Amino acid sequence: MNKKSYKKLIKIIAMALCVCFTVMLLFSFVYIIKEINHNCIGEHCQTCENIRIMENCCQEILSLIITVHILIALLNQIITKKYLYLVTFFSYSPIQLKVKLNN
């Protein structure tokens, strides 16, 4: 498998995972909205338990997404600062360094 097809496969897998998470969240929210006013039978209500499980799952996925975004932003800041340091480190000219050029 060459590099180009490997990158394409990774992109397809990433998109499929995004679609799966989105569909799962959408169906969970639809189920919660549909069953929020159900006839509850009391302490051992299966519908209430399903709603609690879906709410917990949605909260965990959303907190994971937020955490990943924060990590990406932090890594971006670190890489940007390191890159800017390299640019400023290598951009000095002989005049800026006050080097006497002898022929």
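Structural data are supplied above this passage.
I will try to describe carefully the structure that is included in this document. These numbers were taken from a predicted model, which means no experiment stands behind them.

### Observations concerning the overall build of the chain
And then number 1: Counting secondary structure elements, the chain contains two helices and zero strands.
And then number 2: The buried share among the 103 residues of the chain stands at 9%.
And then number 3: When the accessible surface of the chain is totalled, it reaches about 9600 Å², and 69% of it is carbon and sulfur.

### Focus on the side chain of S28
And then number 1: With respect to the helices and strands, S28 occurs in helix α1 (residues 3–35).
And then number 2: According to the relative accessible area criterion, S28 is buried, its value standing at 7%.
And then number 3: Ignoring anything within four residues of it in the chain, the contact list for S28 reads M54 and C58.

### Topic: a nonpolar patch on the surface
And then number 1: Among the surface-exposed residues, V19, V23, L26, F27 and V30 lie close enough to one another that they form a single nonpolar patch of about 450 Å² accessible area.
And then number 2: Relative to the helices and strands, V19 is located in helix α1.
And then number 3: V19 gets classed as partly exposed once you look at its relative accessible area, which sits at 46%.

### As for the environment of T47
And then number 1: Among the secondary structure elements, T47 is positioned in helix α2 (residues 46–90).
And then number 2: Between the C-alpha atom of T47 and that of Y31, which follows or precedes it by 16 residues, the distance is 9.9 Å.
And then number 3: T47 has contacts with Y31, E35 and H38, leaving out every residue within four places of it along the chain.

### Concerning the pattern of salt bridges
And then number 1: Taken as a whole, this structure holds two salt bridges when the rule is applied.
And then number 2: Across the pair E35 and K34 runs a salt bridge, and its minimum N-O distance is 3.4 Å.
And then number 3: Two residues, E49 and R52, come together in a salt bridge whose shortest N-O distance is 3.1 Å. Here E49 pairs with R52, and both are found in helix α2, just three residues apart, close to one helical turn.
And then number 4: Overall, the relative accessible area of 33% leaves E49 in the partly exposed class.
And then number 5: Here R52 falls in the partly exposed class, since its relative accessible area comes to 41%.

Quick notes on the rules
Residues numbered from 1 in each chain as written. Predicted model: local features only at pLDDT ≥ 70, side-chain atom pairs only at ≥ 80, totals over all residues. Heavy atoms only, no water. Helix = DSSP H or I, 4+ residues; strand = E, 2+ residues; numbered from the N terminus. Buried < 20%, exposed > 50% of the residue type's maximum accessible area, 1.4 Å probe, protein only. Areas by Shrake-Rupley, 256 points an atom, 1.4 Å probe, with all protein chains shown as cover. Contact = heavy atoms within 4.5 Å. Patch = residues over 30% accessible without salt bridge, like charges linked within 9 Å, V, L, I, M, F, W, Y side chains within 5 Å. Salt bridge = Lys/Arg side-chain N within 4 Å of Asp/Glu carboxyl O.

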